[in-house]
Amino acid sequence: MGRECFIGFRDLFRLAKGRAWTSAEERAFSGLSQDARNARVKALAAAAGNVRTEDRRGTDGRVYTAFWVEGPPWFEGLAE
């Protein structure tokens, strides 16, 4: 039986890249358009392997890509 765990972007980055993201990468991400952020999340989720994504419309009308870890062990790779 699988489990789901919602994670933050820092955790997603760590799962995909195997390292923490730098402050320069964080600044660059915050400067992206929402569409570019969504594309980046989807690319990182694909690289991480066990991360699922889903586009959801926010209360502001914009589309945001939600992401979560799925399947045991859902926490693997999140420890620093």
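For the structure, check the block above.
Quick caveat: nothing in here was measured; it's all calculated off a predicted structure.

**Q** Can you walk me through the side chain of Gln 34 in this structure?
**A** Turning to its location among the elements, Gln 34 is positioned in helix α3 (residues 34–48). In this structure, Gln 34 is in contact with Arg 62, Val 63 and Tyr 64, ignoring residues within four places of it in sequence.

**Q** Which parts of the structure should I look at to understand the pattern of salt bridges?
**A** Side chains carrying opposite charge are able to pair once their charged atoms draw close together. Taken as a whole and assessed by the stated rule, the structure comprises five salt bridges. The residue Arg 10 makes a salt bridge to Glu 26 at a minimum N-O spacing of 2.8 Å. Highlighted residues: Arg 10 in helix α1 (residues 9–17) and Glu 26 in helix α2 (residues 23–30), separated in sequence by 16 residues. Owing to a relative accessible area of 52%, Arg 10 belongs among the exposed residues under this scheme. A salt bridge links Glu 25 to Arg 19; its shortest N-O distance comes to 2.7 Å. The class of Glu 25 is partly exposed, set by a relative accessible area of 24%. Of the residues examined, Arg 19 reaches a relative accessible area of 35% and is grouped as partly exposed.

Parameters at a glance
Residues numbered from 1 in each chain as written. Predicted model: local features only at pLDDT ≥ 70, side-chain atom pairs only at ≥ 80, totals over all residues. Heavy atoms only, no water. Helix = DSSP H or I, 4+ residues; strand = E, 2+ residues; numbered from the N terminus. Contact = heavy atoms within 4.5 Å. Salt bridge = Lys/Arg side-chain N within 4 Å of Asp/Glu carboxyl O. Buried < 20%, exposed > 50% of the residue type's maximum accessible area, 1.4 Å probe, protein only.

The analysis is restricted to geometry; functional conclusions fall outside its scope.
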